[in-house]
Amino acid sequence: MDLSGSTYYSYRTPFGAVTVGVCAGAVTHVALGETTLPGERRPSPLSNRCANELLEYFVGKRTAFNVALAPEGTAFQRAVWRAVANVPYGQTRSCAEIARSIGRPESFRMVGTAVRKNPIAVIIPAHRVVGANGRPTGAGKNAQLRAAFLELERRNS
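Let me begin by describing the structure that accompanies this report. This structure is a prediction, so every number in the text was calculated from the model and none was measured. (Residues numbered from 1 in each chain as written. Predicted model: local features only at pLDDT ≥ 70, side-chain atom pairs only at ≥ 80, totals over all residues. Heavy atoms only, no water.)

### Some words on unusual backbone geometry
Now for step 1: Even without being a glycine, Ala24 presents a positive backbone phi close to 50°.
Now for step 2: Of note, Ala24 is situated in the loop between strand 2 (18–23) and strand 3 (26–32).
Now for step 3: For Val122, which is not a glycine, the phi torsion comes out positive at approximately 70°.
Now for step 4: With a relative accessible area of 4%, Val122 lands in the buried category. (Helix = DSSP H or I, 4+ residues; strand = E, 2+ residues; numbered from the N terminus. Buried < 20%, exposed > 50% of the residue type's maximum accessible area, 1.4 Å probe, protein only.)

### Some details on the environment of Glu151
Now for step 1: In this structure, Glu151 sits in helix 5 (residues 140–156).
Now for step 2: Sequence separation between Glu151 and Val59 is 92 residues, and the spatial gap between their C-alpha atoms is 12 Å.

### A word on helix 4 (residues 108–116)
Now for step 1: Every buried residue of helix 4 is accounted for by Val111, Gly112, Ala114 and Val115. Buried residues in helix 4, looked at end-on, bunch into an arc of 165°, giving them a common side. Those residues of helix 4 that are exposed and aimed more than 90 degrees away from the buried face are Arg109 and Arg116.
Now for step 2: Of the surrounding secondary structure, the elements contacted by the buried residues of helix 4 are helix 2 (75–85), helix 3 (95–101) and strand 6 (129–130). (Arc of directions from axis to C-beta. Contact = heavy atoms within 4.5 Å.)

### Brief notes about the packing of helix 2 against helix 4
Now for step 1: Where helix 2 meets helix 4, the closest approach of the two axes is 9 Å, and the angle between their N-to-C directions is 80°. Between helix 2 and helix 4, the crossing angle belongs to the class labelled roughly perpendicular. Side by side, helix 2 and helix 4 meet where Phe76, Gln77, Val80, Trp81 and Val84 of the first sit next to Met110, Val111, Ala114 and Val115 of the second.
Now for step 2: In terms of residue class, the contact of helix 2 with helix 4 is built from 8 nonpolar, 1 polar and no charged. (Axes fitted to C-alpha atoms, helices over the stretch in contact; angles between N-to-C directions. Parallel < 35°, antiparallel > 145°, perpendicular 65-115°, else oblique. Nonpolar A, V, L, I, M, F, W, Y, C, P; charged D, E, K, R; others polar.)

### Some remarks on helix 1 (residues 45–58)
Now for step 1: With 14 residues, helix 1 should reach 20 Å at 1.5 Å per residue; the first-to-last C-alpha distance of 20 Å fits that figure.
Now for step 2: Looking only at helix 1, the buried set comprises Leu46, Ser47, Cys50, Ala51, Glu53, Leu54, Tyr57 and Phe58. With its buried residues spanning 160° around the axis, helix 1 presents them on a single face.
Now for step 3: The inward-facing, buried residues of helix 1 abut strand 1 (7–11), strand 2, strand 3 and helix 5.
Now for step 4: Downstream of helix 1 by one or two residues, Gly60 has phi in the positive range, about 85°. (Expected span 1.5 Å × (residues − 1).)

### Considerations on the nonpolar core
Now for step 1: Counting 36 residues, the largest nonpolar core has Val27, Val30, Leu54 and Val80 as the members making the most contacts within it.
Now for step 2: Listed by contribution, the elements that provide at least two residues to this core are strand 2, strand 3, helix 1, helix 2, helix 3, helix 4 and helix 5.
Now for step 3: Ranked by the residues each element gives to this core, the list is headed by helix 1, at 6 residues.
Now for step 4: Here Val27 is in contact with Val20, Gly21, Val22, Leu46, Cys50, Val67, Ala68, Leu69, Ala70, Pro71 and Ile120, once residues within four sequence places are set aside. (Core = buried A, V, L, I, M, F, W, Y, C linked by side-chain atoms within 4.5 Å.)

Shape is all these values report; function is a separate question.
Laid out in structure tokens, this is it:
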């Protein structure tokens, strides 16, 4: 994907800063935290709309997003991200379940790697992909945020 013309901007949310990247009329990145992404640092109508939808989600008023997405990745990664995007609000799936849903049941470890490389946090809800024990995976602040997003969805579904 040609990222010329890309812009990005960071927005404050109840869960901390979120940085939204856009290019050619689609969201290319949603990063938890304030970060530098490809392109010029400035808000755009699309990044503002995406940020508004994220704010609505964070306060429990939105369960689905309407912005166009264009995540950059391999064909396998994009297949995983499409499957993750189809996990219903308030529900979870394991990497093995995602692997089966894309017709690659033996590739659950690769699914886990693709989930971790998801460039569009929250909107492609990697937080809904949990370990075999049913709990969010990982450690640190991002793992805490994933658990908080799941709790938010469970309260509002």
